[in-house]
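Below, each chain spelled out in residue letters.
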Amino acid sequence: MSETEASGDGGRRGRFVTFEGGEGAGKSTQLTRLADRLRRLGLSVITTREPGGSPGAEALRHVLLSGAAEALGPEAEAILFAAARADHVEALIRPAVASGQWVICDRFIDSTRVYQGITGNVPPRLIAALESISVGTMLPDLTLLLDLPAAEGLKRAAARRGFDTADRFEKDGIDLHESRRDGFLALARSEPDRFAVIDAAQEVETVAEAVWYAVRRRLGI
Ligand code: TYD
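In short, a report on the structure. (Residues numbered from 1 in each chain as written. Predicted model: local features only at pLDDT ≥ 70, side-chain atom pairs only at ≥ 80, totals over all residues. Heavy atoms only, no water.)

1. Remarks on unusual backbone geometry
Between Glu-50 and the following residue, Pro-51, the backbone shows a cis peptide bond with an omega angle of -5°. With respect to the secondary-structure elements, Pro-51 resides in the loop between β2 (45-49) and α2 (55-65). Although it is not a glycine, Asn-121 sits at a positive phi angle of roughly 65°. By the element assignment, Asn-121 lies in the loop between α4 (109-118) and α5 (124-134). Since its relative accessible area comes to 66%, Asn-121 is described here as exposed. (Helix = DSSP H or I, 4+ residues; strand = E, 2+ residues; numbered from the N terminus. Buried < 20%, exposed > 50% of the residue type's maximum accessible area, 1.4 Å probe, protein only.)

As structure tokens, then:
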């Protein structure tokens, strides 16, 4: 879902914004709305997602979300997410931000920290090493955490999915999804300057306003 427009801000460094949260939190809806709003200000915006966002990473997306890598264990999955991320950062995110564009990404390092690290029991040292290899200094300027009770998110995700089967991670039990929510909130508490926590149980319009307020206040536009 990458979408590129010509850079329009004279070579100034762009911004890197990520959305995080559990299943069905409304990340892609809010991401699209934020991108539209920024474009209306004349900014050049790319929207993208993980796992995926570049041809190499999209190939790994299928391996990860189909469950083909599940039998290899959470450490191997973490390594594959990191490999996909390294390609995505080098092929798309870093050059776009360097050329003055805004990049808005659906999930990034915090999903690995939570799904594979905190709740997948992959040791923090491995998570940190993978992050340093795949991301280096390309950390988000702002991370919008869309927070929602797991039961509500799963209900929304199931409605959106219709008759399709749940993917590798969505199919997990509610307790695990609730632990993931706690994991994201703990990360947000540990890095309050990077995170803005948004109550995603509210109406879509209200959430969009909260996202906009956070972006304007944190990134000064
Ligand atoms: P996706 O279909 O993109 O759904 P959504 O973001 O709407 O939930 O699924 C991505 C899944 O992969 C999601 O269940 C979270 C998981 N995931 C990880 O476990 N680790 C990661 O590093 C990333 C990026 C995603």
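2. Observations regarding the side chain of Glu-170
With respect to the secondary-structure elements, Glu-170 resides in the loop between α6 (150-161) and α7 (174-190). A distance of 2.2 Å separates a polar atom in the side chain of Glu-170 from a polar atom in the side chain of Arg-161. Sequence-distant contacts of Glu-170, defined by excluding residues within four places in its chain, comprise Glu-23, Leu-154, Ala-157, Ala-158, Arg-161 and His-177. (Polar contact = N/O pair within 3.5 Å; in protein donor to acceptor, adjacent residues only side chain to side chain. Contact = heavy atoms within 4.5 Å.)

3. Some thoughts on α7
The terminal C-alpha atoms of α7 lie 24 Å apart, and with 17 residues this matches the ideal 24 Å at 1.5 Å per residue to within 8%. Among the residues of α7, His-177, Arg-180, Gly-183, Phe-184, Leu-185, Leu-187 and Ala-188 are the ones counted as buried. Packing partners of the buried residues in α7 comprise β1 (15-21), α4, β4 (142-147), α6 and β5 (195-199). (Expected span 1.5 Å × (residues − 1).)

4. Focus on helix α3 (residues 74-98)
Val-89 marks where α3 bends most, by close to 50°. Of the residues making up α3, those classed as buried are Glu-77, Ala-78, Phe-81, Ala-82, Ala-84, Arg-85, His-88, Val-89, Leu-92, Ile-93, Ala-96 and Val-97. Buried residues along α3 sit in contact with β1, β2, α2, β3 (102-106), α4 and α5. (Bend = angle between axes of the 7 residues up to and from the residue.)

5. With respect to the site of the ligand
Inspection of the region around the ligand gives 16 residues, with Glu-23, Lys-27, Arg-107, Thr-112 and Gln-116 positioned closest. Between an oxygen atom of the ligand and a side-chain N or O atom of Arg-61, the distance comes to 3.0 Å. Arg-107 is positioned with one of its side-chain polar atoms (N or O) 2.7 Å from an oxygen atom of the ligand. About the coverage of the ligand: the protein hides 91% of its 540 Å² of free accessible area. In this structure, the ligand is accommodated by the largest pocket. At the level of elements, α2, α3 and α4 are the ones that each hand at least two residues to the shell around the ligand. Residue composition of the shell around the ligand, by class: five nonpolar, three polar and eight charged. (Near = heavy atom within 4 Å. Areas by Shrake-Rupley, 256 points an atom, 1.4 Å probe, with all protein chains shown as cover. 1 Å grid on protein atoms, 1.4 Å probe; cavity = no way out; pocket = protein on both sides within 12 Å on 5 of 7 lines; lining within 4 Å. Sits in = over half its atoms within 2 Å of the grid points. Nonpolar A, V, L, I, M, F, W, Y, C, P; charged D, E, K, R; others polar.)

6. Here we look at the packing of aromatic side chains
As enumerated under the stated definition, the model contains four aromatic pairs in all. For the ring pair Phe-81 and Phe-169, a centre distance of 5.8 Å and an interplane angle of 50° mean the geometry is tilted. A residue pair is termed long-range when its members are at least 10 positions apart, and Phe-81 in helix α3 and Phe-169 in the loop between α6 and α7 qualify at 88 residues. No difference in accessibility class separates Phe-81 from Phe-169, as the two residues are buried. Site record: aromatic cluster; members linked through ring pairs are Phe-81, Tyr-115, Phe-169 and Phe-184. In this structure, Arg-168 is placed above the aromatic ring of Phe-169, and the distance from its NZ or CZ to the ring centre is 4.3 Å. (Phe/Tyr/Trp six-rings, centres within 6.5 Å; stacked < 30°, edge-to-face > 60°. Lys NZ or Arg CZ within 6 Å of the ring centre and 35° of its normal.)

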